Amino acid sequence: MSEHDPVIVASELVTGYGFGEKLCWEGLLSGRHAFREIERFDASKMRSKLAATVPGLSAEHGHSLLEPMFDFLRPHVPKTYGRTALFLASTVGEIDLLETAEQDTLHSLLQKAQTVFRLGNGRLVSAACASSNVALARAGALIRSGRLDTAVIVGADLVSEFVCSGFSSLEAMSPTLARPYDRHRDGLIMGEAAGVIVLASAQTAKICHLEPKARLSGWGMSTDALHITAPVHDGRMLVRAVRQALGETSPEEIGCVIGHGTGTSYNDEAEINALNAVFPSPPPLVSAKGGCGHTLGAAGIIQACMALHILDSGILFPQTNLLEPEPAAAEMVSGGMQTVKIPRLLSMNSGFGGLNAVLMIEAPAHP
């Protein structure tokens, strides 16, 4: 491992399962989803009345619901060293304050994140639902090039009437449950989350006595350039991002894949086609969205946090709500736990506009 290799040294998460990364892992491992009736706004005319909202979440009048989540995350970020930057990954920011916001909700959230995490060097990454993976890739590239020593990557988005109305009008929401990679899938269920990943160069981690949890060893990005909401059917541009992330690593050296897996017809099909095109032997595949819902820009942060538990335990959590796997994914997806035999995985995200972002994460190298 090179001294400039980016390693993950800290992580924490808030999801529909509650405050804490461990709660999310335990919920997914048990096959239990976090969906509940939406009470935040009137969802009676929407295609779905369910969402994975954070239980007990509240904020003072005039403050965003993201602020108490940031306050929870802050103590879990270790002291940063050397050249450090904050990367905020979000699609709509503090959208719950849209009606009263004096500036756009993304930049106002960036300013609050800089205050909470005490970092003056802040960067906004808004790449639709691939935002977190793009932010992690960008931070990793700056660390590997020697331009940063540490990076704090925060991914956050809320369940809001604004976003739910949009997905409902597209008929992309499920009237039942989100069933990623299932033959009977009929749409997504929204979720909300805020999470943090702290990256450091291997050299910085060693000098500052920060224990690496995993290594961010590769990344790749591509754009379909086809349609604002629908991906390329055969997943060929996602294939390009996967191969970029793999680099010199052969597909056989990947233990499993955490997919984007929204539970919509187009997304899941494109991912399955892409994986079958890259892998001679299908790898175990799972999506966290069957349990956590579609958390927009925070999706990649959830996946990165869950990747740490997968690498540590050697277990891939079951696919939540799976009834019957899509035939082309039958050898990949399971309603039961799967064993991960190789401590290296891919995390894939896709977003509106045809954005694709793939990370390769592996167990840390020990001397």
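Residues numbered from 1 in each chain as written. Predicted model: local features only at pLDDT ≥ 70, side-chain atom pairs only at ≥ 80, totals over all residues. Heavy atoms only, no water.

### A few points about the nonpolar core
If you look at the biggest cluster of nonpolar residues, it comprises 56 residues, and the most contacted ones within it are F87, I153, L199, M306, I310 and I361. If we skip the residues at most four places from it in the chain, L199 touches V7, I8, L136, A139, G140, I143, D149, T150, A151, I153 and L216. With 48 residues, the next largest nonpolar core counts L66, L119, C129 and L158 among its residues. (Core = buried A, V, L, I, M, F, W, Y, C linked by side-chain atoms within 4.5 Å. Buried < 20%, exposed > 50% of the residue type's maximum accessible area, 1.4 Å probe, protein only. Contact = heavy atoms within 4.5 Å.)

### A closer look at the pairing of strand β5 (residues 84-89)
Here is the key point about a regular strand: its side chains alternate between the two faces of the sheet. In terms of burial, β5 is largely enclosed, as six of its six residues are buried. In β5, alternate side chains face the same way, and those of T84, L86 and L88 on one face and A85, F87 and A89 on the other are all buried. Summarising the sheet, β5 and strand β6 (residues 122-125) pair through four bridges and their orientation is parallel. Bridged to L86 within β6 is G122. This β-α-β element, β5 to helix α3 (residues 105-116) to β6, shows right-handed connectivity. (Helix = DSSP H or I, 4+ residues; strand = E, 2+ residues; numbered from the N terminus. Pairing = 2+ DSSP bridges. Right-handed = clockwise from strand over helix to strand, strands pointing away.)

### What to know about the pattern of salt bridges
Close approach of charged atoms lets side chains of opposite charge pair. Per the stated rule, a full pass over the model turns up 12 salt bridges. A salt bridge links K112 to E67; the nearest nitrogen and oxygen atoms lie 3.0 Å apart. Residue K112 is located in helix α3, and its partner E67 is located in helix α2 (residues 66-73); the two are separated by 45 residues in the primary sequence. The class for K112 is partly exposed, based on a relative accessible area of 26%. Overall, E67 belongs to the buried group, its relative accessible area being 19%. Shared partners join several salt bridges into a network, and the residues in it are D5, R215, E253, R344 and E362. (Salt bridge = Lys/Arg side-chain N within 4 Å of Asp/Glu carboxyl O.)

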